[in-house]
Amino acid sequence: MKLSFVIAHYSVDYQGEAYLAETIYSCLNQTYRDVEIIVVDDHSDHPPDSLMAYFMHLYPNIKYHVMDKNHGNAVAVRNKGTELAGGDIILPNDHDDPCMPIRAEETIKHFEKNPDTD
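Quick notes on the rules
- Residues numbered from 1 in each chain as written.
- Predicted model: local features only at pLDDT ≥ 70, side-chain atom pairs only at ≥ 80, totals over all residues.
- Heavy atoms only, no water.
- Core = buried A, V, L, I, M, F, W, Y, C linked by side-chain atoms within 4.5 Å.
- Buried < 20%, exposed > 50% of the residue type's maximum accessible area, 1.4 Å probe, protein only.
- Helix = DSSP H or I, 4+ residues; strand = E, 2+ residues; numbered from the N terminus.
- Contact = heavy atoms within 4.5 Å.
- Lys, Arg positive; Asp, Glu negative; His and termini not counted.
- Salt bridge = Lys/Arg side-chain N within 4 Å of Asp/Glu carboxyl O.
- Polar contact = N/O pair within 3.5 Å; in protein donor to acceptor, adjacent residues only side chain to side chain.
- Pairing = 2+ DSSP bridges.
- Disulfide = S-S within 2.5 Å.

Caption draft 1: Inspection of the nonpolar core at higher detail. By size, the foremost hydrophobic cluster in this structure holds 22 residues, and its most contacted members are Leu3, Phe5, Ile24, Ile37 and Val39. Among the elements that take part in this core, helix H1 (residues 15-28) stands out by supplying five residues, more than any other. For Leu3, the contacting residues outside a window of four places in its chain are Asp34, Val35, Glu36, Gly87, Ile89, Leu91, Ala104, Thr107 and Ile108. Counting residues in each nonpolar core, the second largest holds six residues, with Ala8, Val40, Val77 and Ala85 among its members.

Caption draft 2: Representation of the side chain of Asp41. You can see Asp41 is positioned in strand S2 (residues 35-41). No salt bridge is formed by the buried Asp41, whose closest oppositely charged neighbour, Arg78, lies at an N-O distance of 13 Å. A distance of 2.5 Å separates polar atoms of two side chains, one belonging to Asp41 and the other to Ser44. Non-local contacts of Asp41, meaning those with residues more than four positions away in its chain, are made with His9, Tyr10, Pro47, Pro48, Tyr64, His65, Val66 and Met67.

Caption draft 3: Up close: the pairing of strand S1 (residues 3-9). Within S1, seven of the seven residues are buried, leaving the element largely enclosed by the surrounding structure. Burial along S1 is two-sided: the face carrying Leu3, Phe5, Ile7 and His9 and the face carrying Ser4, Val6 and Ala8 are both buried. As defined by bridge partners, S1 adjoins S2 across seven bridges and the pair is classed as parallel. Following the sheet pairing, Ser4 is matched in S2 by Glu36. Strand direction decides the pairing type here: S1 and strand S4 (residues 89-94), joined by six bridges, are parallel. Residue pairing in the sheet places Leu3 in a bridge with Ile89 of S4.

Caption draft 4: Focus on the state of the cysteines. Under the defined criterion, the tally for this structure stands at zero disulfides. No disulfide involves Cys27; its sulfur sits 3.9 Å from the nearest other cysteine sulfur, which is in Cys99. Taking the relative accessible area as the measure of exposure, Cys99 reaches 10% and is therefore buried.

Caption draft 5: Structural context of the pattern of salt bridges. In this structure the tally under the stated criterion is five salt bridges. For Lys109, the salt bridge identified is with Glu105, shortest N-O distance 3.4 Å. A residue pair is termed a helical-turn pair when its members lie 3 or 4 positions apart in one helix, as Lys109 and Glu105 do in helix H4 (residues 103-113) at four residues. Notably, a salt bridge pairs Glu106 with Lys109, separated by 3.5 Å at the nearest N-O pair. In this pair, Glu106 and Lys109 are both assigned in helix H4, three residues apart and thus about one turn of the helix distant. What makes Lys109 partly exposed here is its relative accessible area of 36%.

This is how it looks when you write it as structure tokens:
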């Protein structure tokens with residue numbers, strides 16, 4: 001079962017890249033390994049293009065999308081990430097919210113025990 005992390009990103013300065021990098025690393029370092037990471041930028045003033053180029057060069061399970069305009073809320077960004085995701089399960093995440101290393105594993109366990117859960 002594949003799991004997709006959808007990370008909503010918006011930043012007005014370069015500090016957001018540091019938070020985003022930490023969050024991406026936390027998704028990469030999951031105890032459950034069959035994950036993909038989709039970062040969707042809400043047309044930031046400082047989009048993390050170079051950071052994302054670095055990550056996508058090293059990790060083929062990472063995708064990056066920049067919205068064509070700023071939507072001002074994470075709903076549109078998460079919807080786009082969900083559209084791009086290929087996982088059976090989608091976990092939304094903010095760019096400044098690192099995950100515990102067992103988040104994916106525990107989510108998979110829950111769905112295996114409760115297959116009718118939406």
